[in-house]
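Read off the chains here:
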Amino acid sequence: MDYRRALSAVIPILVLAFVVAAAADDDHARAKAARDAGTIVSLRTILDRVEAEFTGSPVEIELDDDDGRRWLYKVKLLAPSGSILKLEYDAGNAQLIRAKGKGVEAARRQRSN
């Protein structure tokens, strides 16, 4: 009887794990298809843009589909001051949408005219 009870608890967990894994694979496939179709720019393009606009080191980068409206690259950047900045770029054109965090202005590179 204990064997059946344990099995009945494990099976739903395994099913849930497979569903989560399938959803992650679907997200990856959609992101790859968008990049291959030219709908989004490459990660390299975003990293080049971050380096051109800010000082610091990227510590985390996420590609998010923003609820199906548009793709966003979300970048967490370790600024020279030690703070973490949160940057959001439009994945379609690599334009900076939002920059948040303590010291964000100090981390911006000065543009030369």
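Before going into details, it helps to say that this report is about the structure given with it. (Residues numbered from 1 in each chain as written. Predicted model: local features only at pLDDT ≥ 70, side-chain atom pairs only at ≥ 80, totals over all residues. Heavy atoms only, no water.)

**Quick word on the environment of E60**
Point 1. Locating E60 in the fold gives a position in strand β1 (residues 57-64).
Point 2. Residue classification places E60 among the partly exposed residues on the basis of a relative accessible area of 39%.
Point 3. The spatial distance from the C-alpha of E60 to the C-alpha of L78 is 9.3 Å, given a sequence separation of 18 residues.
Point 4. The contacts of E60, once residues within four sequence positions are left out, are K74, V75 and K76. (Helix = DSSP H or I, 4+ residues; strand = E, 2+ residues; numbered from the N terminus. Buried < 20%, exposed > 50% of the residue type's maximum accessible area, 1.4 Å probe, protein only. Contact = heavy atoms within 4.5 Å.)

**Quick notes on the environment of A31**
Point 1. Its place among the elements puts A31 in helix α1 (residues 2-36).
Point 2. The class for A31 is buried, based on a relative accessible area of 14%.
Point 3. Note: C-alpha distance between A31 and D65 (34 residues apart in sequence) is 8.4 Å.
Point 4. If we ignore the near neighbours within four places in the chain, the residues touching A31 are I40, L63 and W71.

**Comments concerning the pairing of strand β2 (residues 72-78)**
Point 1. Both β1 and β2 contribute to a ladder of seven bridges, which runs antiparallel. Among the inter-strand pairings, P58 is bridged to a residue of β2, identified as L77.
Point 2. Pairing analysis gives seven bridges linking β2 to strand β3 (residues 84-90), with the strands arranged antiparallel. By the bridge assignment, K76 is partnered in β3 with K86. (Pairing = 2+ DSSP bridges.)

**Section: the pattern of salt bridges**
Close approach of charged atoms lets side chains of opposite charge pair.
Point 1. According to the stated counting rule, one finds seven salt bridges in the structure shown.
Point 2. Between R108 and E105 there is a salt bridge; the shortest N-O distance is 3.1 Å.
Point 3. For E105, a relative accessible area of 53% gives the class exposed. (Salt bridge = Lys/Arg side-chain N within 4 Å of Asp/Glu carboxyl O.)

**Description of unusual backbone geometry**
Point 1. Its identity as a non-glycine residue notwithstanding, A94 has a phi of 65 degrees, on the positive side.
Point 2. By secondary structure assignment, the location of A94 is in the loop between β3 and β4 (96-100).

**Thoughts on the environment of A91**
Point 1. Along the chain, the position of A91 falls in the loop between β3 and β4.
Point 2. Sequence-wise, A91 and L63 are 28 residues apart; in three dimensions their C-alpha atoms are separated by 8.0 Å.
Point 3. Ignoring anything within four residues of it in the chain, the contact list for A91 reads T39, I40, V41, L63, W71, L72 and Y73.

**Side note on the nonpolar core**
Point 1. Of all hydrophobic cores here, the largest spans 19 residues; its most connected members are I46, V50, F54, Y73, L85, L87 and Y89.
Point 2. Elements with a contribution of two residues or more to this core: α1, α2 (43-53), β2, β3 and α3 (104-107).
Point 3. The residues touching V50, leaving out its near neighbours within four places in the chain, are V75, L77, L87 and Y89. (Core = buried A, V, L, I, M, F, W, Y, C linked by side-chain atoms within 4.5 Å.)

Honestly, that's just the spatial picture; any functional story needs more than this.
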